[in-house]
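# Structure assessment
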Amino acid sequence: MALFGNLFEKNKENPPENKWEKELSFMVVIPKNEADIDDLERLAERLQDTDLTVTGRKEIPPEDGLMLRIASGALQYMVRLNTISVELPELFRIQHIFRDIDIEEIQRQKKGLVVEMLFDEHILEAYHTQLKIISGLLPDCLAVLDHSSEKVLSGKWVQLAAKSNVLPSPRYIFTVQAVAGESDEVWLHSHGLNRCGLPELEILNSTKDMFNDHYNIIEIMAKRLLEEGEPPEEKEPVYLAMVADGIPLMATVVNWREAVHRYPADLLGGASDRKESHNENTYAIFCYPNPKALKKKQYCEVNVYNEYLSQNPIYMLTTQETERMRRLAAERLTYMLKMFGRENIKVLVKVGLETDAEFQEEGNGFEHIWFDLKEKHEETFLAELTQEPYYIKDLHAGAIMTFPYSQITDWIIFTPDGRVTPDDVYLLAYDGWNLQD
């Protein structure tokens, strides 16, 4: 929904190395009061009270809004602001939990604020900047419609994410949609990666029993591409998971034009479904089930792994993503500590433990495993191991251990209303938990 791409500056002398031009990241902010977005010039002045800096502007027709150059640290972006009539799209994924009263208020709003920008190669930083701009302009907004990824974000989550010193999770960049047919077939495809100069990803011929497991494959592949920041090489192997002892999931991507030739035209997501959409900048995920297939570039459907995917496979997060999660867990640790010990509250903490020497030679220096928090102290905590480690032979489920808080890499709070992670602590306010000292 990038309606004004011609207004943005393009580097024609040094075009990007990608095979296609990035789409614009198009978001629409739902204000609490529509009067707040009537005067764009006055609205933009609010950015003076943030760590963002308006360094310039580009003159555009008044009906197209404002085009500002905004700096976030050393990075600068052209950002367009405008107003637009708005309604909650039926097919958008509701990414966060909203109270019924909030949904009703969102549906009453008829006008939204457009915040549109072009991402550079610093993908997560650019996305974070867009959230900072939104929070600076409308800190009490109800929601954000991210048209690029076709999802609805909570205004409370946006405010938390904008204030954080930790970049948002890569999963917010994209959405994976599952389209089911009348038979058993399911077509999985992503939205949101094209704004990063990356192909959208899809899996054809999934099933209603397996699409959740196949969703994980797309998500891990997308996160890998976002971290690398460049399109994948077609038919080159990408190690995504260990699905069983000694059995890796070696994935690859194939352009959709080649992929659909493997299937009947009337398959869901097949050639007949590509006439009006999903016919540009999209790759299908396949796999190499063994070294022989890899050597000959004989790729197969991910369905060949189905019997293993439900057996708790280990998906390979990158060191960068593991560190990002650790930093967010540490930044919001006080939320978890204030909740622990209350009635009907259970807390799990993920701890990074050094693996046995034989596995460190294979690049597995640490295994991140879940513990049930039992006691908290000033500098340390006591916890019980909930699972059998893969890479630490002499450690078993049920072990009681003491750790410093610095070893926590993630945590989950289980409340009567659901689970809360570092990413969605805004839910604690929704559920009425008093976290004041």
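Our subject is the structure listed above.
Residues numbered from 1 in each chain as written. Predicted model: local features only at pLDDT ≥ 70, side-chain atom pairs only at ≥ 80, totals over all residues. Heavy atoms only, no water.

### Re the overall build of the protein chain
Our working definition: Elements are defined by DSSP. Helices are runs of H or I of four residues or more, strands are runs of E of two residues or more, and each kind is numbered from the N terminus. This radius of gyration counts C-alpha atoms alone. The globule rule is 2.2 Å times how many residues there are, raised to the power 0.38. The cut-offs for exposure are 20% and 50% of the maximum accessible area for each residue type, with area from a 1.4 Å probe on protein chains only; residues under the lower value are buried, those over the upper are exposed, and the others partly exposed. Contacts are assigned to residue pairs that have any heavy atoms within 4.5 Å of one another.
For the protein chain, the helix and strand inventory stands at twelve helices and 21 strands. Over its C-alpha trace the protein chain gives a radius of gyration of 23 Å, about what one expects of a compact globule, namely 22 Å for 437 residues. Counting across all 437 residues of the protein chain, residues that qualify as buried make up 51%. The long-range share in the protein chain, meaning contacts at least 24 apart out of those at least 6 apart in sequence, stands at 64%.

### Quick notes on unusual backbone geometry
For residues other than glycine, phi is negative in most cases, and the peptide bonds are mostly trans. In this structure, Asn-205 takes a positive phi of about 60° despite not being glycine. Looking at the element boundaries, Asn-205 is found in strand β11 (residues 200–207). Residue classification places Asn-205 among the partly exposed positions, given a relative accessible area of 24%. Positive phi values are uncommon outside glycine, yet Lys-235 reaches one of about 70°. Turning to its location among the elements, Lys-235 is positioned in the loop between α5 (211–228) and β12 (238–244).

### Description of the state of the cysteines
What counts here: Only a pair of cysteine sulfur atoms within 2.5 Å counts as a disulfide in this structure description.
Scanning the model with the defined rule gives zero disulfides in all. With no disulfide of its own, Cys-287 lies 5.7 Å from the sulfur of Cys-300, the closest cysteine sulfur. Since its relative accessible area comes to 0%, Cys-287 is described here as buried.

### Observations concerning the environment of Arg-342
Stated formally: A 3.5 Å cut-off defines polar contacts: any pair of N or O atoms within that distance qualifies, except that in protein one atom must be a possible hydrogen donor and the other a possible acceptor, and neighbouring residues in sequence count only when both atoms are side-chain atoms.
In this fold, Arg-342 is placed in the loop between α10 (333–339) and β16 (346–354). Taking the relative accessible area as the measure of exposure, Arg-342 reaches 27% and is therefore partly exposed. Sequence separation between Arg-342 and Thr-415 is 73 residues, and the spatial gap between their C-alpha atoms is 9.6 Å. Aside from chain neighbours lying at most four places away, what touches Arg-342 is Trp-433, Asn-434 and Leu-435. Here the side chain of Arg-342 touches Lys-338 through a polar contact of 2.9 Å, landing on its backbone oxygen.

### A look at the packing of helix α3 (residues 123–137) against helix α4 (residues 155–163)
Rules: Angles shown run from 0 to 180 degrees and are taken between the N-to-C directions of axes, each axis being a line fitted to C-alpha atoms and, for helices, limited to the stretch in contact. Take the far helix as your reference; a near helix turned counterclockwise from it by less than a right angle gives a left-handed crossing, and one turned clockwise gives a right-handed crossing.
Packing of α3 against α4 leaves a shortest axis separation of 8 Å and a crossing angle of 115°. In the packing of α3 onto α4, the handedness of the crossing is left-handed. Listed contacts from α4 to Tyr-127, His-128, Leu-131, Lys-132, Ile-134 and Ser-135 of α3 are Trp-157, Val-158, Gln-159, Ala-161 and Ala-162.

### As for the side chain of Arg-332
Take Arg-332: it is sitting in the loop between α9 (319–331) and α10. Polar side-chain contacts of Arg-332 include one of 2.7 Å to the backbone oxygen of Pro-422. For Arg-332, the contacting residues outside a window of four places in its chain are Leu-160, Ala-161, Ser-164, Trp-411, Pro-422, Asp-423 and Val-425.

### Notes on the sheet that holds β11
Applicable threshold: Pairing between two strands is assigned when DSSP locates at least 2 bridges connecting them.
Pairing in this open sheet of seven strands is mixed, and the strands run β9-β10-β11-β14-β13-β12-β15 from one edge to the other. For this open sheet the edge positions go to β9 (175–180) and β15 (314–315), each flanked by a neighbour on one side alone. With four bridges connecting them, strand β10 (residues 185–191) and β11 associate as antiparallel partners. What sits directly across from Val-186, in β11, is Ser-206. This element, α5, spans β9, β10, β11, β12, β13 (247–255), β14 (282–287) and β15 of the sheet and lies at about 165° to β11.

### As for the sheet that holds strand β5 (residues 93–94)
One open sheet accounts for eight strands, arranged β2-β3-β4-β6-β1-β7-β8-β5; its pairing is mixed. Two strands lie at the open edges of the sheet, namely β2 (53–58) and β5, each paired on one side alone. As paired strands, strand β4 (residues 75–85) and strand β6 (residues 111–117) are joined by seven bridges and run antiparallel to one another. In the sheet register, Thr-83 faces β6, and the bridge partner there is Leu-113. Packing of α4 onto the sheet brings it into contact with β7 (143–146) and β8 (151–154), and relative to β8 it is tilted by some 70°.

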